[in-house]
Amino acid sequence: MDREKVILTLMKQKKLSHYLEIGVFNGHIFFRVKSTFKIAVDPDFQFDTLRKTGKLFLNPYNVFNKYFEKTSDDFFREDAPGLLTDKKLEMALIDGMHEYDYALRDVENSLNYLSDHGVIVLHDCNPQVKADSVSFEEWKARNFTGTWNGDVWRILLHLRSLRDDINVFTLDCDHGLGIVTFGEPENKLNYTLEQINKFTFEDFNANRTSWINLKPAEYFYEYFQLEK
Ligand SMILES: C[S@@+](CC[C@H](N)C(=O)[O-])C[C@H]1O[C@@H](n2cnc3c(N)ncnc32)[C@H](O)[C@@H]1O
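A quick note: this is a predicted structure, and the numbers were derived from the prediction, not measured.

Rules and cut-offs
Here the residue numbering is sequential within each chain, running from 1 through the sequence in written order. A pLDDT threshold of at least 70 governs which residues receive local features in this predicted model, and a stricter bar of 80 or more applies before side-chain atom pairs are shown or counted, although totals over entire chains, interfaces and linings include all residues. Side-chain measures here rest on the full set of heavy atoms in the structure, leaving out hydrogens and waters. Relative accessibility under 20% of the residue-type maximum defines a buried residue, over 50% an exposed one, and the middle range a partly exposed one, all with a 1.4 Å probe and only protein chains included. By definition, any uninterrupted DSSP run of H or I lasting at least four residues is a helix, any uninterrupted run of E lasting at least two residues is a strand, and each is numbered from the N terminus. When DSSP finds two or more bridges between two strands, those strands count as paired. We call a crossover right-handed when, viewed with the strands running away from us, the connection from the first strand over the helix to the second turns clockwise. Here the term cavity refers to a set of points on a 1 Å grid, laid over the protein atoms alone, in which a 1.4 Å probe fits but cannot get out; the term pocket refers to an open set having protein on both sides within 12 Å along at least five of seven lines, with lining residues being those that place an atom within 4 Å of a point. Grid points are joined across faces, edges and corners, and a volume is the space filled by probe spheres set on the points. Asp, Glu, Lys and Arg are counted as charged, while Ala, Val, Leu, Ile, Met, Phe, Trp, Tyr, Cys and Pro are counted as nonpolar; the rest, among them Gly, fall into the polar class. Here, residues are in contact when the closest pair of their heavy atoms is within 4.5 Å.

Q: What am I meant to see in the pairing of strand E5 (residues 114-122) here?
A: If a strand is regular, its side chains alternate between the two faces of the sheet. Of all 9 residues in E5, 7 are buried, a share of seventy percent or more. In terms of strand pairing, strand E4 (residues 89-94) meets E5 through 5 bridges, oriented parallel. Looking at the pairing, methionine 91 lines up with valine 119 of E5. Considered for its hand, the β-α-β crossover made up of E4, helix H5 (residues 100-112) and E5 is right-handed. Relative to strand E7 (residues 177-182), E5 runs antiparallel, the two being bridged by 3 bridges. Looking at E7, one finds that valine 121 is bridged to isoleucine 179.

Next up, the structure:
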């Protein structure tokens, strides 16, 4: 199980269409999505016109792609109101800047445009070792080498402590796939912003299963009532 499987399966079986991807890189996932309404946001796309053209043959739906080569903050400020107010999002992959404050804004901004039956997939919620969970500056200092999940895990604590209108859990696969849907929370946490900011990787490591509401990957089929 990985983000590609989760996104493509949900979109196909639940007939979800309107797709947003924040942090697209070379389009490994984005170009495979079959939808007539697809939005790509990344300040530094890693593909050129030739690759984009080639992907039209792989998946003709790519003719509908809308590209925004900018940060997600700029996208939500400048473009989202015009694009998404009438056409609500049904699926969003959030995989851009992996820092708590930044990725939390991505989640909250996406929630503002998410339809009632929409799904947000938040990548990188389950770092395995401390080196994977460092800040952007520390990752930059090591020349962007190795896995970088950042501290996206704090967002699970944040949402589960502060919001009553969404359910949040993490599938135990692909660096931790956070799943966010509208509805009553399965269970809540009770942390303050100050506590969430202060927790260390060691705290996370000792509490990961309960903090990020970690579920076996197969729970995906059960939760969404999908065929395998
Ligand atoms: C891990 S890659 C995305 C991989 C892609 N989603 C996939 O599944 O193949 C992270 C991307 O986030 C982009 N990024 C960094 N800061 C961003 C921001 N503020 N807004 C949107 N994207 C950002 C980077 O340029 C990079 O291409």
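After presenting the structure, the write-up continues.
Q: For this particular structure, what's the right way to read the layout of surface pockets?
A: Where empty space is left becomes clear once a probe the size of a water molecule has been rolled over the atoms. A volume near 790 Å³ is recorded for the largest pocket. As for the largest pocket, its lining consists of 33 residues, of which Phe25, Asp42, Asp95, Gly96 and His98 are closest to the centre. For the lining of the largest pocket, the elements supplying multiple residues, two or more each, are strand E1 (19-22), H5 and helix H6 (136-141). Residue classes in the lining of the largest pocket are distributed as 12 nonpolar, 13 polar and 8 charged.

Q: Help me out: how do you make sense of the side chain of threonine 170 in this one?
A: Mapping threonine 170 onto the fold places it in strand E6 (residues 166-171). For threonine 170, a relative accessible area of 0% puts it in the buried group. Leaving out residues up to four positions away in the same chain, threonine 170 has contacts with Cys125, Leu156, Gly176, Leu177, Gly178, Ile212, Asn213, Leu214 and Lys215.

Q: I keep staring at empty space enclosed by the protein and nothing clicks. Help me out?
A: Within the structure shown, the criterion is met by 1 cavity of 30 Å³ or more. Counted as a void, the largest cavity has a volume near 40 Å³. The wall of the largest cavity is formed by Leu159, Arg160, Arg163, Ile166, Asn167, Val168, Pro185, Glu186, Asn187 and Lys188. Within the residue set of the lining of the largest cavity, elements represented by two or more residues are helix H7 (153-162) and E6. Of all the elements, E6 adds the most residues to the lining of the largest cavity, at 3 residues. Of the residues belonging to the lining of the largest cavity, the class tally is 4 nonpolar, 2 polar and 4 charged.

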